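Breakdown of the fold
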Amino acid sequence: MTATDSTIDDARRATHRAVEAVWRIESARLIARLARLVADVGLAEELAQDALVVALERWPQTGVPENPGPWLLATAKHRAIDRLRRQERYARKLALLTRDIQIRQEYAEADRDAELDDHIGDDLLRLVFTAAHPVLSGEAKVALTLRLLGGLTTPEIARAFLVSESTAAQRIVRAKRTLAAANVRFELPTRAQLPERLAAVLEVVYLIFNEGYAATSGPDWARPELCHEALRLGRLLAGLLPAEPEVHGLLALMELQASRLRARVDAAGQPVPLLDQDRRSWDRLLIRRGLDGLARAEALGIGSYTLQAAIAACHARATRAEQTDWPRIVALYEVLAHLQPTPVVLLNRAAAVGLAGDPRRGLSLVDELAQERALRDYPQLPAVRGELLARLGHAGPARDEFLRAAELTGNDGAVPAPRRRAGHLTDTRRGQRLGPPRCGLDAQVTPV
C-alpha cells in the first residue's frame with residue numbers, strides 16, 4: 001500500500017467516524033421528523049437508514065456538510081417520495097411531502113433553520129411517546145427506545161441485554177409491526193392521557209438505567225454504557241418537558257446513582273459494597289447536577305422518582321459512610337412505601353431501618369416480606385436478612401443467608417460480594433477480628 005492509499009484510507013475512516021457521530025446525534029430528530037410526515041415509525045427509520053447509507057457513500061468524496069442534519073432530512077424526504085410513488089396513496093401523500101419540501105427547501109437560510117427548530121421538540125416528544133406506547137411489551141419498548149432515541153444499533157442492543165442479534169432484531173421488528181397493526185398514530189397524548197403515558201416513558205428509561213447500574217445477568221456487575229444512554233434520554237426528556245416534576249426526579253436519581261459507577265468495582269473488577277466505596281472517586285459533577293435536579297423536582301412536586309433521588313442524595317452528601325443520615329433515609333422510605341408499597345421498596349425500607357440502628361426491627365420487617373412471591377428468588381432478600389443477622393451477632397445463620405444470596409444471583413459479576421461476606425463471617429467465627437459489619441448492598445434502584 002502506497003502512502004497515498006494509506007492517506008485515503010485514513011480520510012475515509014475519519015469520515016466514517018464523523019458519519020457515525022452525526023448519526024448518534026441526529027438520528028432521533030431525523031426519525032421524529034420523518035415519522036410525522038409519513039405517519040409510520042418503521043418506515044421513518046428505514047428512510048433515515050437509507051439517508052445514512054447515502055451519506056456513507058457520498059461524504060467520503062464530498063466531505064461532511066456544514067449542516068448534516070438538514071442534509072440527511074432532505075435526502076430521506078426524497079427517498080420517501082420515491083417510495084410513495086410506488087404506493088396506492090401516492091398522489092395524496094406525495095402532495096403533502098412535496099409541499100413540505102418546497103416550504104423548507106432552503107435549509108441554509110437562518111429563517112428556515114429557525115422554522116425547522118420550532119418543530120423538533122414536538123416531533124421528538126411524539127417519538128418518545130410512540131416508542132413507549134402501551135400497546136408494546138416492556139422488552140419491545142426498551143429495544144425500540146434504544147433504537148430510535150438512543151441511536152444504538154441492533155448488535156449494540158443485543159450486547160447490552162445479552163441476547164442474540166436475531167432476538168434483538170425480532171423485538172424491534174415486532175414492535176414496529178405492532179404499532180402499524182394497531183394503527184398507532186404518531187401524536188402526543190391528550191392532557192388526560194399524559195400522566196399514564198408519561199409514566200410508561202419514564203419507566204422505560206428507568207429500566208434501561210437500572211439494567212446498566214445493576215445488570216440482571218452476565219459477567220459484568222454494571223454496564224455503564226446503558227447508564228449513559230439512559231442519562232442522555234433523561235436529559236432529552238427534561239429539556240422537552242421542563243414542567244414535569246417526575247422527569248427531573250428521575251434524571252436526578254440517575255445522575256446521583258451514576259456518580260458512583262467508578263467506585264462500584266475494584267481494580268480486579270470485583271463489586272465494592274456501597275459503604276466500602278472510596279467516595280473520593282465519586283463523580284462530583286454528576287452529584288452537583290443531581291442535587292440541582294432534585295431541588296428543581298421538589299419545587300415542582302413530589303413523586304416516587306423524586307423520593308428515590310432524595311434517598312440517593314443522602315448518600316451523595318455524606319463524605320464518609322459513617323456520616324450517612326440513615327434516620328432521614330428511613331423517613332423517606334416511609335413516604336415512598338406509602339406512595340408505592342411494592343415488595344422491593346418495603347425491603348429497602350427494612351434494610352434502612354436496620355442500618356439506622358434497629359437491626360431487630362429491620363429483621364422483623366424482612367421476615368414479614370419472606371412470603372412475597374415477587375421476592376421468593378430475589379437475591380437481595382437473603383442478602384439483607386444476612387446483614388441484619390450479622391449485626392445481631394448471629395454469624396452462622398447470617399453466613400447461610402449470604403450463601404443463598406450468591407446462589408440466587410443471576411449476574412456472575414455480583415456473586416463474589418455475598419460470598420466474600422459469608423467468608424468474612426466464617427473467619428469471624430474462628431476468632432479473627434475483622435472490624436465492624438459492613439453492609440453488602442449498594443442502593444437498589446428498581447422497585448418491583
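In case you missed it, the structure is sitting above this.
Residues numbered from 1 in each chain as written. Predicted model: local features only at pLDDT ≥ 70, side-chain atom pairs only at ≥ 80, totals over all residues. Heavy atoms only, no water.

1. Regarding the packing of aromatic side chains
- Applying the stated rule across the entire model yields three aromatic pairs.
- Ring geometry for Tyr 206 against Tyr 305: centres 4.9 Å apart, planes inclined by 75°, an arrangement best described as edge-to-face. Remark: Tyr 305 occurs in helix α13 (residues 304-317) and Tyr 206 occurs in helix α9 (residues 194-213); sequence separation between them is 99 residues. Of the two residues examined, Tyr 206 and Tyr 305, each falls in the buried class. (Phe/Tyr/Trp six-rings, centres within 6.5 Å; stacked < 30°, edge-to-face > 60°. Helix = DSSP H or I, 4+ residues; strand = E, 2+ residues; numbered from the N terminus. Buried < 20%, exposed > 50% of the residue type's maximum accessible area, 1.4 Å probe, protein only.)

2. A short note on the packing of helix α6 (residues 138-148) against helix α8 (residues 165-181)
- Following both chains from N to C, one finds α6 and α8 inclined at 100°, their axes separated by 9 Å at the closest point. When the axes of α6 and α8 are compared, the pair comes out roughly perpendicular. Residues Glu 139, Ala 140, Ala 143, Leu 144 and Arg 147 of α6 form the contact with α8, whose own contacting residues are Arg 171, Ile 172, Ala 175, Lys 176 and Leu 179.
- Class assignment for the residues of the contact of α6 with α8 results in six nonpolar, no polar and four charged. (Axes fitted to C-alpha atoms, helices over the stretch in contact; angles between N-to-C directions. Parallel < 35°, antiparallel > 145°, perpendicular 65-115°, else oblique. Contact = heavy atoms within 4.5 Å. Nonpolar A, V, L, I, M, F, W, Y, C, P; charged D, E, K, R; others polar.)

3. Digging into the pattern of salt bridges
- Under the defined criterion, the tally for this structure stands at 16 salt bridges.
- A salt bridge links Glu 401 to Arg 385, with the nearest nitrogen and oxygen atoms 3.0 Å apart. Note that Glu 401 is positioned in helix α18 (residues 395-408) and Arg 385 in helix α17 (residues 380-391), a separation of 16 residues in sequence.
- Look at Arg 385 and you get partly exposed, because its relative accessible area is 24%.
- A single network of salt bridges, built from pairs that share partners, joins Arg 33, Arg 36, Asp 123 and Arg 126. (Salt bridge = Lys/Arg side-chain N within 4 Å of Asp/Glu carboxyl O.)

4. Details of unusual backbone geometry
- Backbone geometry at Asn 183 places phi at a positive 55°, although glycine is not the residue there.
- Residue position: Asn 183 is located in the loop between α8 and α9.

Function-wise, these values are silent; they only describe arrangement.
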